[in-house]
Amino acid sequence: EPEVTQTPSHQVTQMGQEVILRCVPISNHLYFYWYRQILGQKVEFLVSFYNNEISEKSEIFDDQFSVERPDGSNFTLKIRSTKLEDSAMYFCASSEVSGGIGAQFFGPGTRLTVL
Amino acid sequence: TQLLEQSPQFLSIQEGENLTVYCNSSSVFSSLQWYRQEPGEGPVLLVTVVTGGEVKKLKRLTFQFGDARKDSSLHITAAQPGDTGLYLCAGAINFGNEKLTFGTGTRLTIIP
(Lines give C-alpha, C1' and ligand atoms only; values in the text may rest on other atoms or scores of the structure.)
Protein backbone atom coordinates (compact mmCIF):
# COMPACT_ATOMS: atom_id res chain seq x y z
CA GLU A 1 0.00 0.00 0.00
CA PRO A 2 1.41 3.43 -0.92
CA GLU A 3 2.57 5.53 2.01
CA VAL A 4 4.15 8.84 2.83
CA THR A 5 7.77 8.52 3.96
CA GLN A 6 9.85 11.01 5.91
CA THR A 7 13.55 11.38 6.66
CA PRO A 8 15.24 11.61 9.03
CA SER A 9 13.17 10.03 11.76
CA HIS A 10 15.02 12.09 14.37
CA GLN A 11 17.05 15.27 13.91
CA VAL A 12 19.02 16.94 16.69
CA THR A 13 20.36 20.42 16.01
CA GLN A 14 21.79 23.43 17.78
CA MET A 15 19.75 26.58 18.13
CA GLY A 16 20.33 28.89 15.16
CA GLN A 17 21.20 26.10 12.75
CA GLU A 18 19.31 25.36 9.56
CA VAL A 19 17.47 22.07 9.16
CA ILE A 20 15.80 20.47 6.18
CA LEU A 21 13.13 17.86 6.73
CA ARG A 22 12.34 15.61 3.82
CA CYS A 23 9.18 13.89 2.70
CA VAL A 24 8.21 11.66 -0.21
CA PRO A 25 4.44 11.97 -0.68
CA ILE A 26 2.27 9.27 -2.23
CA SER A 27 3.14 9.23 -5.91
CA ASN A 28 -0.17 10.22 -7.53
CA HIS A 29 -1.04 12.84 -4.91
CA LEU A 30 -1.11 16.50 -5.87
CA TYR A 31 -1.53 18.31 -2.55
CA PHE A 32 1.13 18.37 0.12
CA TYR A 33 1.11 19.57 3.70
CA TRP A 34 3.29 20.04 6.75
CA TYR A 35 1.96 19.83 10.28
CA ARG A 36 3.71 19.85 13.61
CA GLN A 37 2.92 18.46 17.03
CA ILE A 38 4.64 19.78 20.11
CA LEU A 39 4.90 17.11 22.80
CA GLY A 40 1.56 16.67 24.54
CA GLN A 41 -0.26 19.13 22.29
CA LYS A 42 -2.56 19.04 19.28
CA VAL A 43 -1.44 18.51 15.72
CA GLU A 44 -1.14 21.97 14.14
CA PHE A 45 -1.28 22.94 10.47
CA LEU A 46 1.77 24.71 9.07
CA VAL A 47 1.43 24.93 5.30
CA SER A 48 -0.22 23.46 2.23
CA PHE A 49 1.35 23.28 -1.21
CA TYR A 50 -0.14 22.69 -4.63
CA ASN A 51 1.07 23.23 -8.17
CA ASN A 52 4.50 24.35 -6.96
CA GLU A 53 3.26 27.09 -4.72
CA ILE A 54 1.99 27.61 -1.20
CA SER A 55 -1.79 27.58 -1.11
CA GLU A 56 -2.23 28.35 2.57
CA LYS A 57 -0.01 28.88 5.60
CA SER A 58 -0.60 29.35 9.30
CA GLU A 59 0.70 32.05 11.62
CA ILE A 60 3.36 29.60 12.79
CA PHE A 61 4.83 29.47 9.27
CA ASP A 62 6.85 32.67 9.42
CA ASP A 63 9.84 33.83 7.37
CA GLN A 64 12.05 31.23 9.03
CA PHE A 65 10.14 28.45 7.29
CA SER A 66 10.09 27.54 3.62
CA VAL A 67 8.90 24.61 1.55
CA GLU A 68 10.07 23.28 -1.76
CA ARG A 69 9.38 20.49 -4.19
CA PRO A 70 12.85 20.22 -5.70
CA ASP A 71 12.03 17.31 -7.97
CA GLY A 72 9.08 15.10 -8.88
CA SER A 73 9.11 13.12 -5.68
CA ASN A 74 10.49 15.04 -2.70
CA PHE A 75 8.79 17.73 -0.63
CA THR A 76 10.95 19.56 1.90
CA LEU A 77 10.48 21.83 4.88
CA LYS A 78 13.38 24.12 5.72
CA ILE A 79 13.77 25.97 9.00
CA ARG A 80 16.41 28.63 8.48
CA SER A 81 17.45 29.41 12.02
CA THR A 82 16.01 26.99 14.53
CA LYS A 83 14.71 28.09 17.92
CA LEU A 84 14.19 26.01 21.04
CA GLU A 85 10.43 26.25 20.53
CA ASP A 86 10.72 24.58 17.12
CA SER A 87 11.30 21.28 18.91
CA ALA A 88 8.36 19.09 17.87
CA MET A 89 7.27 16.20 15.68
CA TYR A 90 6.89 17.37 12.10
CA PHE A 91 4.46 15.45 9.92
CA CYS A 92 4.21 15.56 6.15
CA ALA A 93 0.88 14.65 4.55
CA SER A 94 -0.47 14.35 1.04
CA SER A 95 -3.86 14.06 -0.59
CA GLU A 96 -5.07 13.17 -4.02
CA VAL A 97 -7.58 15.99 -4.13
CA SER A 98 -8.09 19.14 -2.09
CA GLY A 99 -8.14 18.26 1.62
CA GLY A 100 -11.72 19.41 2.09
CA ILE A 101 -12.93 16.56 -0.08
CA GLY A 102 -10.16 14.02 -0.09
CA ALA A 103 -8.32 12.36 2.72
CA GLN A 104 -4.90 13.40 3.94
CA PHE A 105 -2.41 10.63 4.55
CA PHE A 106 0.33 11.30 7.05
CA GLY A 107 3.93 10.18 7.22
CA PRO A 108 5.58 8.74 10.32
CA GLY A 109 7.06 12.10 11.29
CA THR A 110 10.46 13.62 12.02
CA ARG A 111 11.23 14.36 15.64
CA LEU A 112 13.17 17.64 15.72
CA THR A 113 15.09 18.44 18.87
CA VAL A 114 16.65 21.89 19.12
CA LEU A 115 19.31 22.26 21.82
CA THR B 1 -10.48 30.09 14.97
CA GLN B 2 -12.17 26.75 14.52
CA LEU B 3 -11.99 24.43 17.52
CA LEU B 4 -12.76 20.75 17.73
CA GLU B 5 -13.35 19.47 21.23
CA GLN B 6 -13.18 15.75 21.85
CA SER B 7 -14.69 13.96 24.80
CA PRO B 8 -13.87 12.22 26.91
CA GLN B 9 -10.19 13.14 27.03
CA PHE B 10 -9.35 9.79 28.60
CA LEU B 11 -11.36 6.57 28.60
CA SER B 12 -10.45 3.26 30.17
CA ILE B 13 -12.83 0.32 29.82
CA GLN B 14 -12.84 -3.45 30.01
CA GLU B 15 -12.40 -5.64 26.96
CA GLY B 16 -15.75 -6.52 25.42
CA GLU B 17 -17.53 -3.31 26.41
CA ASN B 18 -18.93 -0.76 23.97
CA LEU B 19 -17.90 2.88 23.92
CA THR B 20 -18.56 6.14 22.14
CA VAL B 21 -16.25 9.13 21.80
CA TYR B 22 -17.36 12.52 20.58
CA CYS B 23 -15.98 15.35 18.48
CA ASN B 24 -17.82 18.66 18.73
CA SER B 25 -17.49 22.13 17.28
CA SER B 26 -19.45 25.33 16.83
CA SER B 27 -18.16 25.48 13.25
CA VAL B 28 -19.53 23.69 10.20
CA PHE B 29 -17.04 21.38 8.49
CA SER B 30 -17.11 20.30 4.87
CA SER B 31 -15.53 17.02 5.85
CA LEU B 32 -14.27 15.32 8.94
CA GLN B 33 -11.62 12.68 9.27
CA TRP B 34 -10.88 10.30 12.12
CA TYR B 35 -7.32 9.22 12.77
CA ARG B 36 -5.61 6.94 15.23
CA GLN B 37 -2.15 7.85 16.49
CA GLU B 38 0.34 5.66 18.32
CA PRO B 39 3.07 7.26 20.48
CA GLY B 40 5.88 8.68 18.36
CA GLU B 41 4.11 7.93 15.07
CA GLY B 42 2.02 9.78 12.54
CA PRO B 43 -1.79 9.82 12.51
CA VAL B 44 -3.26 6.90 10.58
CA LEU B 45 -6.45 7.62 8.69
CA LEU B 46 -9.49 5.57 9.71
CA VAL B 47 -12.33 7.23 7.81
CA THR B 48 -13.52 10.40 6.07
CA VAL B 49 -17.13 11.62 6.30
CA VAL B 50 -18.45 14.40 4.10
CA THR B 51 -22.26 14.32 4.16
CA GLY B 52 -24.41 15.46 7.10
CA GLY B 53 -25.91 12.41 8.80
CA GLU B 54 -23.49 10.06 7.09
CA VAL B 55 -22.68 6.79 8.87
CA LYS B 56 -19.65 4.68 7.98
CA LYS B 57 -18.68 1.33 9.44
CA LEU B 58 -15.20 -0.11 9.67
CA LYS B 59 -15.51 -3.58 11.22
CA ARG B 60 -16.40 -2.86 14.87
CA LEU B 61 -16.05 0.91 14.48
CA THR B 62 -19.03 3.08 13.48
CA PHE B 63 -18.49 6.71 12.57
CA GLN B 64 -21.28 9.26 12.28
CA PHE B 65 -21.23 12.83 10.98
CA GLY B 66 -23.82 15.09 12.56
CA ASP B 67 -26.70 16.36 10.46
CA ALA B 68 -25.43 19.93 10.77
CA ARG B 69 -21.84 18.84 10.07
CA LYS B 70 -20.61 20.33 13.33
CA ASP B 71 -20.02 17.13 15.25
CA SER B 72 -19.12 13.50 14.88
CA SER B 73 -18.98 10.35 16.93
CA LEU B 74 -16.99 7.15 16.94
CA HIS B 75 -18.62 4.07 18.43
CA ILE B 76 -16.63 0.91 19.09
CA THR B 77 -18.46 -2.35 19.72
CA ALA B 78 -16.92 -5.09 21.83
CA ALA B 79 -13.67 -3.23 22.41
CA GLN B 80 -10.43 -5.20 22.20
CA PRO B 81 -6.97 -4.43 23.64
CA GLY B 82 -5.80 -3.72 20.08
CA ASP B 83 -8.16 -0.73 20.01
CA THR B 84 -5.99 1.03 22.59
CA GLY B 85 -4.62 4.30 21.25
CA LEU B 86 -5.17 8.01 20.71
CA TYR B 87 -8.16 8.83 18.50
CA LEU B 88 -8.16 12.18 16.74
CA CYS B 89 -10.83 13.91 14.74
CA ALA B 90 -9.81 16.52 12.18
CA GLY B 91 -12.01 18.77 10.08
CA ALA B 92 -11.73 20.86 6.96
CA ILE B 93 -13.83 24.02 6.85
CA ASN B 94 -14.35 24.63 3.17
CA PHE B 95 -14.07 22.56 0.07
CA GLY B 96 -10.81 23.83 -1.35
CA ASN B 97 -9.58 24.92 2.08
CA GLU B 98 -6.97 22.30 2.66
CA LYS B 99 -6.07 22.99 6.25
CA LEU B 100 -7.12 20.32 8.73
CA THR B 101 -8.02 21.46 12.23
CA PHE B 102 -7.32 18.70 14.70
CA GLY B 103 -9.24 17.89 17.84
CA THR B 104 -7.83 17.50 21.30
CA GLY B 105 -7.90 13.70 21.11
CA THR B 106 -9.34 10.86 23.17
CA ARG B 107 -6.86 8.47 24.72
CA LEU B 108 -8.51 5.07 24.87
CA THR B 109 -7.26 2.18 26.99
CA ILE B 110 -8.87 -1.24 26.74
CA ILE B 111 -8.12 -3.44 29.74
CA PRO B 112 -7.82 -7.16 28.99
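Residues numbered from 1 in each chain as written. Chains lettered and ligands numbered in written order. Predicted model: local features only at pLDDT ≥ 70, side-chain atom pairs only at ≥ 80, totals over all residues. Heavy atoms only, no water.

Caption draft 1: A look at the interface of chain A and chain B. Chain A puts 24 residues into the contact, and the matching count from chain B is 25 residues. Both faces considered, chain A and chain B share a buried interface measuring about 1,700 Å² in area, 55% of it formed by carbon and sulfur atoms. Counting every contact that joins chain A to chain B gives zero salt bridges. Sorting the residues of the side of chain A that touches chain B by element identifies strand 4 (31-37), strand 5 (43-50), strand 6 (53-57), strand 9 (88-95) and strand 10 (105-106) of chain A as the ones contributing at least two each. Tallying contributions element by element places strand 4 of chain A first for the side of chain A that touches chain B, with four residues. Looking at the side of chain A that touches chain B residue by residue, the class counts come to twelve nonpolar, nine polar and three charged. (Contact = heavy atoms within 4.5 Å. Buried area = accessible area lost by both parts, 1.4 Å probe. Salt bridge = Lys/Arg side-chain N within 4 Å of Asp/Glu carboxyl O. Helix = DSSP H or I, 4+ residues; strand = E, 2+ residues; numbered from the N terminus. Nonpolar A, V, L, I, M, F, W, Y, C, P; charged D, E, K, R; others polar.)

Caption draft 2: Expanded view of the environment of arginine 69 of chain A. All names here are of chain A. As for its placement among the helices and strands, arginine 69 is situated in the loop between strand 7 (65-68) and strand 8 (75-79). Residues arginine 69 and valine 12, spaced 57 residues apart in sequence, show a C-alpha to C-alpha distance of 23 Å. Residue contacts for arginine 69: discarding those within four places in its chain leaves Pro25, Phe32, Phe49, Asn52 and Asn74. A polar contact of 3.5 Å, which involves the side chain of arginine 69, links it to the backbone oxygen of serine 73. (Polar contact = N/O pair within 3.5 Å; in protein donor to acceptor, adjacent residues only side chain to side chain.)

Caption draft 3: Focus on the side chain of arginine 36 of chain A. Along the polypeptide, arginine 36 of chain A turns up in strand 4. Contact partners of arginine 36 of chain A, with chain neighbours within four places excluded, come to Lys42, Val43, Glu44, Leu46, Ile60, Glu85, Asp86, Ala88, Met89 and Tyr90 of chain A.

Caption draft 4: View of the sheet that holds strand 6 (residues 55-58) of chain B. Residues and elements named next belong to chain B. In space, the five strands of this open sheet follow the order 1-3-8-7-6, with antiparallel pairing throughout. Looking at which strands have only one partner, the edges of the open sheet turn out to be strand 1 (5-7) and strand 6. Neighbouring strand axes in the sheet, compared pairwise and without regard to direction, differ in orientation by 15° on average. Bridge analysis of strand 3 (residues 19-24) against strand 8 (residues 71-76) gives six bridges, and the strand direction is antiparallel. Within strand 8, the residue paired with asparagine 24 across the bridge is aspartate 71. (Pairing = 2+ DSSP bridges. Axes fitted to C-alpha atoms, helices over the stretch in contact; angles between N-to-C directions.)

Caption draft 5: Just the packing of aromatic side chains, in detail. Residues and elements named next belong to chain A. Following the criterion strictly, the structure yields 14 aromatic pairs over all chains and no others. When the ring of tyrosine 33 is compared with that of tyrosine 35, the centres are 6.4 Å apart and the planes differ by 40°; the resulting orientation is tilted. The exposure class assigned to tyrosine 33 is buried, which follows from its relative accessible area of 0%. With relative accessibility at 0%, the residue tyrosine 35 sits in the buried group. (Phe/Tyr/Trp six-rings, centres within 6.5 Å; stacked < 30°, edge-to-face > 60°. Buried < 20%, exposed > 50% of the residue type's maximum accessible area, 1.4 Å probe, protein only.)

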